[in-house]
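Residue-level structure breakdown
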Amino acid sequence: SVELIQGTLDMLILKAVSLGGLHGYGVLVRLQQLTGGQLQIQQGSLYPALYRLERQGLIASEWGESENKRKAKFYTLTAAGRKHLKAEEASWNRFSMVVASVLDAVPEG
């Protein structure tokens, strides 16, 4: 299991939703699938993040019926969400390359 780095949950949710509209629990399942079960996100963290992303206009929601015939809120990425995700991905990729270069450093001599 891998610890979630502060500030990455929103980006991961946006990525999961960008792959196709999902209800809240579906976001959890998709993230578990994408990480091979190595990332465990608690519902107590997920739902406040979904509401925050919706308030920011990065995702939109619509009521529908889940696969088990329950009423559920389905989330989709907005145009602003796509733009934000693209910027976050670029920033994360730059950051991870910098960290990797530091970790690849070898002692002199």
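Look up a bit, the structure's there.
This one's a predicted model, so the numbers in the text were calculated from it and none came from an experiment.

With that out of the way, let us pick up the pattern of salt bridges. Under the defined criterion, the tally for this structure stands at four salt bridges. Where Asp10 meets Arg52, a salt bridge forms, and the shortest distance between an N and an O atom there is 2.6 Å. Placement of Asp10 in helix α1 (residues 9-18) and of Arg52 in helix α3 (residues 43-55) is noted, with a sequence separation of 42 residues between them. Relative accessible area serves as the criterion here: at 30%, Arg52 is assigned to the partly exposed category. Across the pair Lys15 and Glu89 runs a salt bridge whose closest N-O atoms are separated by 3.4 Å. Placement of Lys15 in helix α1 and of Glu89 in helix α4 (residues 79-103) is noted, with a sequence separation of 74 residues between them.

This next bit is on the sheet that holds strand β1 (residues 22-23). For sheets, the rule is that strands pair by backbone hydrogen bonds, running either parallel or antiparallel. Spatially, three strands are ordered β1-β3-β2 in an open sheet, and the strand pairing comes out antiparallel. With one partner strand each, in any of the chains shown, β1 and β2 (59-65) form the two edges of the open sheet. Where β2 and strand β3 (residues 71-77) come together, seven bridges link them in antiparallel fashion. Bridge pairing in β3 places Ala60 opposite Thr76.

We now examine the environment of Gln43. With respect to the helices, strands and loops of the structure, Gln43 is situated in helix α3. Overall, the relative accessible area of 44% leaves Gln43 in the partly exposed class. The spacing of Gln43 and Tyr25 is 18 residues in sequence and 8.0 Å in space, taken between C-alpha atoms. Sequence-distant contacts of Gln43, that is, excluding residues within four places in its chain, are made with Tyr25, Leu28 and Pro48.

With that out of the way, let us pick up the nonpolar core. Within the largest apolar cluster, 21 residues are counted, with the highest numbers of intra-cluster contacts made by Ile13, Leu14, Val17, Val27, Ile41, Leu46 and Ile59. Going through the elements one at a time, α1, α2 (24-34), α3 and β3 are the ones with two or more residues in this core. With six residues, α1 is the single largest residue contributor to this core. Once residues within four sequence positions are removed from consideration, Ile13 is found in contact with Val27, Leu46, Ala49, Leu50 and Leu53.

What counts, and at which threshold
- Residues numbered from 1 in each chain as written.
- Predicted model: local features only at pLDDT ≥ 70, side-chain atom pairs only at ≥ 80, totals over all residues.
- Heavy atoms only, no water.
- Salt bridge = Lys/Arg side-chain N within 4 Å of Asp/Glu carboxyl O.
- Helix = DSSP H or I, 4+ residues; strand = E, 2+ residues; numbered from the N terminus.
- Buried < 20%, exposed > 50% of the residue type's maximum accessible area, 1.4 Å probe, protein only.
- Pairing = 2+ DSSP bridges.
- Contact = heavy atoms within 4.5 Å.
- Core = buried A, V, L, I, M, F, W, Y, C linked by side-chain atoms within 4.5 Å.

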